[in-house]
Amino acid sequence: MVPPPRKPTLLRVLDGEALSPPPIWLMRQAGRYLPEYREVRARAGSFLDLCYNSELAAEVTLQPVRRFAMDAAILFSDILVIPDALGQKVDFVEGRGPVLEPVALDRLDALRPAEAAARLSPVLETVRLVRRRLDPDKALIGFCGAPWTVATYMIAGGTTPDQAPARLAALRQPEAFARLIDLLVEASADYLAAQLQAGADVVQIFDSWAGILDADELERWSLAPTARIVERLRAKRPGARVIVFARGVGGRIRDYAERLKPSAVGIDWTIAPAAAREIVPDAVALQGNLDPLRLVAGGAALDRGVDAILAAMRGRPHIFNLGHGIGPETPVAHVERLVARVRAGARR
Ligand code: CP3
């Protein structure tokens, strides 16, 4: 008889187990640091063409799992497919990152939420293709951006040093800004539910720009809307597993853990793992938090960083990851060394 597939280690940890070694995957693990990604990317045309080409997107999703035996695949797409699907003009310019035609808060009726699902259907097809091709003992992670982070790009039209245009818009026109956030809450929750329906095992919400908000604004534009996404998602899909990554919020990761009751919270590298362990209830797994530059540096800087995280998290539900996305300048050999050390670390 064929033995039943084993439950992916990532899901065991999200469901409350502490494992040694911990499961490992890396934020932005499919990307330009991989030669095989650059090869497919060159064939795809534009970056968005790659996101909407299910066959090629499935291929690049699987590349890091094949090369490093990561414990999870993360859907290849981008958080900015939501504004694109809503009808905003989105482009990715080589060497400059995303460029959007900024939305005006008094012209939100130009956005077309009813048409988003059709535009996003190839992404859901990518999820189905990957789930079929991925080992059953590996987890598949879907994702979206948190409304705040996505709104910062929609308003600024791209990346600025501290996304001041969106912060100003939120302070000057809070009612109109709230309408944009509400629209994103609904579109994002529906999109995450569709990813789970298509075969994702868990979804991660990226709030990469949460850390630039003051305490009041963080509550209003990050915590509350992200909580509403989780609520709406779980109303549609009871028991849905969710990872929340709010970058730069320091000790307030505890608020995300207690209020949203996600399966895990991501922690960036500026938080001491032992401190995170202290303030986040044990029922919520921790994910992180190696400085991505330790991975670029390699050698002793990498080894020491890995060992410190493993030691601080021992006995607690933990998913090994970086504290933010992997950079394009990262040597592949350093990623191999990281994975080997995490897996051997359990025996040291
Ligand atoms: O993790 C994965 O491997 C899955 C794919 C993924 C991408 N973007 C692919 C991508 C994920 C999960 C994202 C999330 C994302 N996108 C975030 C949240 C996480 C974070 O890094 O803070 C944000 C803020 C974005 C928006 C975005 N997309 C920016 C600012 C950029 C330009 C910067 C850069 O790295 O080039 C992108 C482009 C992008 N998204 C690339 C990839 C692989 C590189 C573009 C290319 O290959 O031409």
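**Points about the layout of surface pockets**
Then, number 1: Roughly 1,200 Å³ of volume is contained in the largest pocket.
Then, number 2: Taken together, 40 residues line the largest pocket, and the ones lying closest to its centre are Arg 28, Arg 32, Asp 78, Phe 92 and Pro 98.
Then, number 3: At the level of secondary structure, the elements contributing two or more residues to the lining of the largest pocket comprise α2 (35–44), β2 (90–93), β3 (97–100) and α7 (147–156).
Then, number 4: Across the lining of the largest pocket, the residue classes break down as 22 nonpolar, eleven polar and seven charged.
Then, number 5: The calculated volume of the second largest pocket comes to roughly 260 Å³.
Then, number 6: Lining the second largest pocket are Ile 82, Pro 113, Ala 116, Ala 117, Leu 120, Leu 124, Leu 183, Glu 186, Ala 187, Asp 190, Tyr 191 and Ala 194.
Then, number 7: In terms of residue count, helix α9 (residues 174–198) provides more of the lining of the second largest pocket than any other element does, six residues in total.
Then, number 8: Looking at side-chain class alone, the lining of the second largest pocket contains ten nonpolar, no polar and two charged residues.

**Observations concerning the nonpolar core**
Then, number 1: In this structure, Leu 10, Phe 177, Tyr 256 and Leu 338 are the most contacted members of the largest nonpolar core, which totals 133 residues.
Then, number 2: Those residues in contact with Leu 338 that lie beyond four places of it in its chain are Ile 24, Leu 26, Leu 290, Leu 295, Leu 302, Val 306 and Phe 320.

About the thresholds
Residues numbered from 1 in each chain as written. Predicted model: local features only at pLDDT ≥ 70, side-chain atom pairs only at ≥ 80, totals over all residues. Heavy atoms only, no water. 1 Å grid on protein atoms, 1.4 Å probe; cavity = no way out; pocket = protein on both sides within 12 Å on 5 of 7 lines; lining within 4 Å. Points joined across faces, edges and corners; volume = space filled by probe spheres on them. Helix = DSSP H or I, 4+ residues; strand = E, 2+ residues; numbered from the N terminus. Nonpolar A, V, L, I, M, F, W, Y, C, P; charged D, E, K, R; others polar. Core = buried A, V, L, I, M, F, W, Y, C linked by side-chain atoms within 4.5 Å. Buried < 20%, exposed > 50% of the residue type's maximum accessible area, 1.4 Å probe, protein only. Contact = heavy atoms within 4.5 Å.

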